[in-house]
Each structure stands twice: as structure tokens, then as C-alpha cells.
Amino acid sequence: MAKFLAELLGCTLPSKGASPMFESKSHSRVGLKSSTKQKTTIFSALASEKSLSDCKKEQQWKPSMYSNITPVCFPSPLIEKPIGKESMPQTPPFSAMFDSSGYNRNLYQSAEDSCGGLYYHDNNLLSGSLEALIQHLVPNVDYYPDRTYIFTFLLSSRLFMHPYELMAKVCHLCVEHQQLSDPDSDKNQMRKIAPKILQLLTEWTETFPYDFRDERMMRNLKDLAHRIASGEEQTYRKNVQQMMQCLIRKLATLSQYEEVLAKISSTSTDRLTVLKTKPQSIQRDIITICNDPYTLAQQLTHIELERLNYIGPEEFVQAFVQKDPLDNDKSCYSERKKTRNLEAYVEWFNRLSYLVATEICMPVKKKHRARMIEYFIDVARECFNIGNFNSLMAIISGMNMSPVSRLKKTWAKVKTAKFDILEHQMDPSSNFYNYRTALRGAAQRSLTAHSSREKIVIPFFSLLIKDIYFLNEGCANRLPNGHVNFEKFWELAKQVSEFMTWKQVECPFERDRKILQYLLTVPVFSEDALYLASYESEGPENHIEKDRWKSLRSTLLGRV
């Protein structure tokens, strides 16, 4: 993981002739870096509280107003928020906590209100002890935690403790405070409490299902669910059963996905190896498989959305977990990582970049290479209009790799105006200002979409990770008094939940199995093979290139 992060965060968008964006010896390193059909484009989109009272007082449970954040894929409520003076203070909406520039740092300029170990300012939860935050997560007869708080705390708590440790504490509090261990407890009280606890467990299993790959998590979940289902209410037993079945399906689907990825990885071979055994004249290229750039962009979007869909929100936090300074006995992560969907997605970016470079360098004739470049320029433009920025950047990265960019005679035959526009949109200057503007346009289009195609937003993934990384590194997890810096975690949850909303969009395009199979499994050149193919197409221009060419021919082809 350390090597992965070092590679991920150490690069920027390459200019022509630069090294690959995603490179690790034989692999690239993570970097930052027309169809006639009528479609809505991002360009058209670009044109186009709560009161905090004394904790000892009861207050009305009001619905929250979240205009900017929708914590993802929560199931339909099993309970309705009661109307009446029953609830404890609720956590505020994100829109009240953050201004347009990010943190609202004015929050610290006046006195704080204290409530049971939680510190508020202007009704915003700023910090609290870990124990108080855990208490705030657990419902009781008069209170159910705000869903945004649930998402934020479940996401960030793993920086301080293992999920199974949190689950054990939650179970203990539920049993202790809600008297689930007493079969003679007030049945009316149980009818009020049980659905709230079940709702909390349902939200946890729906939003963070990968936590339950840990047997300790599953054991605690089953124990608490059994206590709820053992009551007289048939509805509870049915809801518990549905929750468990849904969780098991999610975990089984993940296992199947991982098996598919492993199979694809195990069967991958170098393109040069294939060329040695099969004459190039009978080799297929991407244009023979799919000659329509718009169709290829659609199939790339299928792959992107499928792989995004398997990334759990916790993986963003797990990638950057460090040792908790208040816990001297253990590293804050170690055994906690149960998935590698984030890394698999980065590997897909690498593959697509190398596939683009391979398809360009492989043709013997200059006009065929120029045609391939223009084809990928059109594919990249269609990706931009769809809102698929990750494939767009992977294509630009592949076309900017040195073995491709050095083909000057080939590029001289290419009309590069459209490519220049795309590079301008993904220009890394001013912290990717142009890209971020286009992303906001795509996000706005998604919010006001009239069709499923307009809902697609696939961000440039390595930049998203880099933003989250610097948020994590730039702000302390704990304040000087030892309290958890919850203001930081509101912002973390804001960024992650936006991504979680985007990843749930179902791809509206028809799947083409032949094209998808080619994109996922066709062999690609290694970096050395790319250079060799480039030199064979357009000879070395200096002594350094000549020496490398001779070395590659000797090593890869066994020729002198």
C-alpha cells in the first residue's frame, strides 16, 4: 500500500515526450494529469437549522435539510422520525458547515457550546471525545442519529479503531442502554427501540458492507440482530432476514468480481509475445473491433462505472490510515484492509493508457498510425461529452507517452486541433482549474438530468484521491485536547459522499461483449516493447536512442 500511494501521489499530467503517467518499471505510474450523433454535452451544462438546546431538554425531531450532500444508497427508512419533543440535538447539514471555499474557519471564532462531551458552534458539531461520538451514534427511545452523522462517523472512525471494535461497542451500548438483554423489559419500550437499532444496522450494512467480511463484525451483527428478531414482532424478524440476505448478496457479488479480476490478470500476456507467435498481418486492432469512437466511449464508460461501483467509501480512508497518536500499541490499519478495489481501478487506468499507446505504435504504416491517433482523439472527445473524465485522461496519458509522442512524422499527418482542446481541458495548471470547472458542469448536469445518459459523472480518479490525501494530511485528526476533529471529517464525508452518488449511476448504454472483451483482455506492450515498436516505426534520432534500440532488439527479439 505504501508503494501504491507513493506512486499515486507523485506525479502530474505529462507533456508530450514525458514518461507514462502511471509508471512502476514495467507499469505506468499514477499521474495527474466526432460523432455526428446529437448528445447533451458538458459544455451545454457549463452554459446553462437547526437549533442547539440544552441536552437535558427535549426538542422536536425535525427532518434535516441537505441540499449539497446525499449520503448514498441508504435503504428506505424502517422508521419515521417522530414528531414531538423527543429527540436529542441533531447534527447539522453540510451546507451550514462549509462555505464555497471549503472549511468555514470562522467556526472557531466564538465560544463553543458543550453537550455531553460534544462541542458545537453555531449548531455545528466541531469535535468530541471518541466515546461521546460513539454514544451519539447509538439510538435510544427519543433519538435517532442524523444519517449524515452516521455516514461521516462510520467513515472516519476507522482512523481511530477497527470497525469490529466499533461494532462491539455499539452492540454493548444497545444491550446496556436499551435493555435488550432483559426479556421482561417494557414491550412498548422495545417496540420503539428495536426498529431504530435495526435501521442503524441496515444503514451500516448497506453503506459499508465490506466491513462485514471480518468474521468478528458478522458475529456481532448476527448477535444483535438475533436479539431484535427474538421479540414478538414478526416485522422485525422479516426485516432482519432481509438485511442479512442483502448483505450476503453484496459480499458474494464482490467475491465473484474479485475472481473475474484475478482471472483477467492471470491470463494477461505481453503483446510482443503474441506477435512472435502470430504474424502481425492477422493481428486485430481496436478499429477492426469497433470503428465508431462514440460506441467505444460508451463501452469504456461501462467498464468505468462497473469498477467504480465496487469501490467502498471506506477504501478512501483506509488508503491513508496512519498510527493513531493516542494508541501506542497498534498501528491504525494493519489487518483492517479487506478489499483492493481502489488499486484495481488504478490498474485499469494504467491498462487503458498502455492499450492506447500499443494501438498507436503497433501499425507498420505511418498513415495507419495517424489514423489510430485521430480515432483515439475522437474517442477522448466522446468520453468528455459523456462525462467520463477518467477514460479521457487515460487516453491523453497514453498519447503523451514518450514512445508515442516521439513519432514526429506520424503526428505531422494528424489534425491535432481537437486534441489540443482536450489537453487544455485537462491542463494541470492552477490546480486543474479547467478540469474542475468541467467537472462542476457535469455534476450540475447530473443533478438536473432529464435522461440517464446525462447523470454520468466519472471523475479523474487519481486527482480525487490526491484531493482526499491532502485533506487528510493538511488537518489533524485530533485537536490539542485529544478530541476528534470532526470538522475535518465533515469535509472528508462531503467529498466521498459526492463520489458515492456518482458511482451508483447505472450505465445506460447497451453492452457490446466483443468490444468489452477486447478492452479488458487484449495483450498490450510493456514499456520496453513500446519503445522498440516506436524505434522500428521511426528510427532513432540520436546516439542515446540508437543504443537503446540495439539493446531492446537484443533483449526482446534476440537480434543484434
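Bear in mind the structure is a predicted one, so any value in this text is a computation, not a measurement.

**Q** Help me get a handle on the environment of Lys503, residues and values and all.
**A** Take Lys503: it is sitting in helix α22 (residues 486-503). Lys503 gets classed as buried once you look at its relative accessible area, which sits at 7%. Sequence-wise, Lys503 and Glu306 are 197 residues apart; in three dimensions their C-alpha atoms are separated by 8.4 Å. With residues up to four places along the chain from it excluded, the contact list for Lys503 reads Leu305, Leu308, Asn309, Tyr310 and Ile311.

**Q** Go over the pairing of strand β9 (residues 124-128), please, and point to the residues and values.
**A** For β9, a buried count of five out of five residues is recorded, marking the element as mostly surrounded by other parts of the structure. Inspection of the sheet shows strand β8 (residues 118-121) paired to β9 by four bridges, in the antiparallel sense. Each residue of the ladder has a partner; that of His121, found in β9, is Asn124. As consecutive antiparallel partners, β8 and β9 are separated by two residues, and within that stretch Asp122 has a phi angle of approximately 50 degrees, a positive value. Examined bridge by bridge, β9 and strand β10 (residues 484-485) share two bridges and lie antiparallel to one another. Within the sheet, the bridge partner assigned to Gly128 lies in β10 and is Val484.

**Q** Outline the state of the cysteines, supporting the account with residue identities and numerical values.
**A** This structure, assessed with the given rule, holds zero disulfides. Distance from the sulfur of Cys174, which forms no disulfide, to the nearest cysteine sulfur (Cys171) is 6.5 Å. The exposure class of Cys174 is buried, given its relative accessible area of 0%.

**Q** Break down helix α8 (residues 215-229) for me, with residues and values.
**A** For α8, which comprises 15 residues, the first-to-last C-alpha distance of 20 Å matches the rise-based estimate of 21 Å (1.5 Å per residue) to within 8%. Inspection of α8 places Met217, Met218, Leu221, Leu224, Ala225, Ile228 and Ala229 among the buried residues, and these make up the whole buried set. Projected down its long axis, α8 shows its buried positions confined to an angular sector of 140 degrees, all on one face. Turned more than 90 degrees away from the buried face of α8 sit Glu215, Arg219 and His226, all of them exposed. The N-cap of α8, judged by a side-chain oxygen 2.8 Å from the amide nitrogen of Arg216 a few residues on, is Asp214.

**Q** Mind laying out the nonpolar core, listing which residues take part and the relevant values?
**A** Among the nonpolar cores identified, the biggest contains 155 residues, and Leu296, Phe316, Phe376, Met399 and Phe461 are the most heavily contacted of them. Sequence-distant contacts of Met399, that is, excluding residues within four places in its chain, are made with Val356, Ile360, Ile373, Phe376, Ile377, Val404, Ser405, Trp411 and Phe419.

**Q** Could you give an account of the confidence of the model for the chain, naming the residues involved and the relevant values?
**A** Averaged over every residue, the pLDDT of the chain is 78; residues scoring 70 or more account for 70%. In this model residues 10-15 is a low-confidence stretch, pLDDT under 50, and it forms 23 contacts with partners more than four residues away in sequence or in other chains. Predicted confidence is poor over residues 328-334, with pLDDT under 50, and the contacts of this stretch with residues over four places away or in other chains come to 16 contacts.

**Q** Give me helix α23 (residues 513-521): which residues, what numbers.
**A** What α23 keeps buried is the set Ile515, Leu516, Tyr518, Leu519 and Leu520. If you check the start of α23, you find a side-chain oxygen 3.1 Å away from the backbone N of Lys514, and it comes from Asp512.

**Q** Talk me through the environment of Leu556; I want residue IDs and the actual numbers.
**A** Tracing the backbone shows Leu556 in helix α25 (residues 543-557). The sequence separation of Leu556 and Leu532 amounts to 24 residues, and the corresponding C-alpha distance is 8.5 Å.

**Q** Let's hear about unusual backbone geometry: which residues, and what values?
**A** Backbone geometry at Asn123 places phi at a positive 70 degrees, although glycine is not the residue there. Structurally, Asn123 is set in the loop between β8 and β9. The class for Asn123 is partly exposed, based on a relative accessible area of 25%.

**Q** Which residues make up the packing of aromatic side chains, and what values do they have?
**A** Scanning all chains against the criterion turns up 23 aromatic pairs. Note on Phe384 and Phe389: the rings are 5.7 Å apart at their centroids and 90 degrees apart in plane angle, and the pair reads as edge-to-face. For Phe389, a relative accessible area of 0% gives the class buried. Between Phe461 and Phe499, the aromatic rings sit 5.9 Å apart at their centres with planes inclined by 50 degrees, giving tilted as the arrangement. Placement of Phe461 in helix α21 (residues 461-474) and of Phe499 in helix α22 is noted, with a sequence separation of 38 residues between them. Each member of the pair, Phe461 together with Phe499, is buried. Taken together, the ring pairs in this structure connect Tyr149, Phe153, Phe160, Phe486, Phe489 and Trp490 into an aromatic cluster. Geometry around Tyr164 places Arg216 over its ring, the cationic atom sitting 3.7 Å from the centre. The ring of Tyr531 is capped by Arg548, whose NZ or CZ atom sits 3.7 Å from the centre of that ring.

**Q** Give a description of the environment of Leu155 that names residues and reports values.
**A** Here Leu155 lies in helix α5 (residues 147-156). Remark: the alpha-carbon pair of Leu155 and Phe316, spanning 161 residues in sequence, is separated by 9.1 Å. Leave out the neighbours within four places in its chain, and Leu155 touches Phe208, Pro313, Glu314, Val317, Leu492, Ala493 and Val496.

What counts, and where the lines are drawn
Counting from 1, residues in each chain are numbered in the order their sequence is written. Owing to the predicted nature of the model, reporting of local features is limited to residues with pLDDT of at least 70; listing and counting of side-chain atom pairs is limited to 80 or more, with chain, interface and lining totals taken over all residues. With hydrogens and water stripped out, all remaining heavy atoms of the structure feed into the side-chain values. Numbering of helices and strands starts at the N terminus; helices are DSSP runs of H or I of at least 4 residues and strands are runs of E of at least 2. The buried label goes to any residue with under 20% of its type's maximum accessible area, the exposed label to any with over 50%, and the partly exposed label to all in between, with areas taken from a 1.4 Å probe on protein chains only. Here a residue-residue contact requires only that any non-hydrogen atoms of the pair lie within 4.5 Å. Pairing between strands requires that DSSP locate at least two bridges from one strand to the other. Note on terminology: disulfide denotes any pair of cysteine sulfur atoms within 2.5 Å. Take the number of residues in a helix, subtract one, and multiply by 1.5 Å to get its expected span. The arc in question is the one traced by the directions running from the helix axis out to the C-beta atoms. Distance and chemistry together define a polar contact, namely a pair of N or O atoms within 3.5 Å, with one atom able to donate a hydrogen and the other to accept it when in protein, and with adjacent residues in sequence counting only for side-chain atoms on both sides. What makes a nonpolar core is a set of buried Ala, Val, Leu, Ile, Met, Phe, Trp, Tyr and Cys residues whose side-chain atoms join them at distances within 4.5 Å. Confidence of the predictor in every single residue is expressed as pLDDT, which spans 0 to 100. Side-chain rings of Phe, Tyr and Trp, where Trp is taken by its six-membered ring, are said to pair if the distance between their centres is within 6.5 Å; with planes under 30 degrees apart they count as stacked, over 60 as edge-to-face, and otherwise as tilted. Only lysine NZ and arginine CZ atoms are considered, and such an atom sits over a ring when it is within 6 Å of the ring centre and within 35 degrees of the ring normal.

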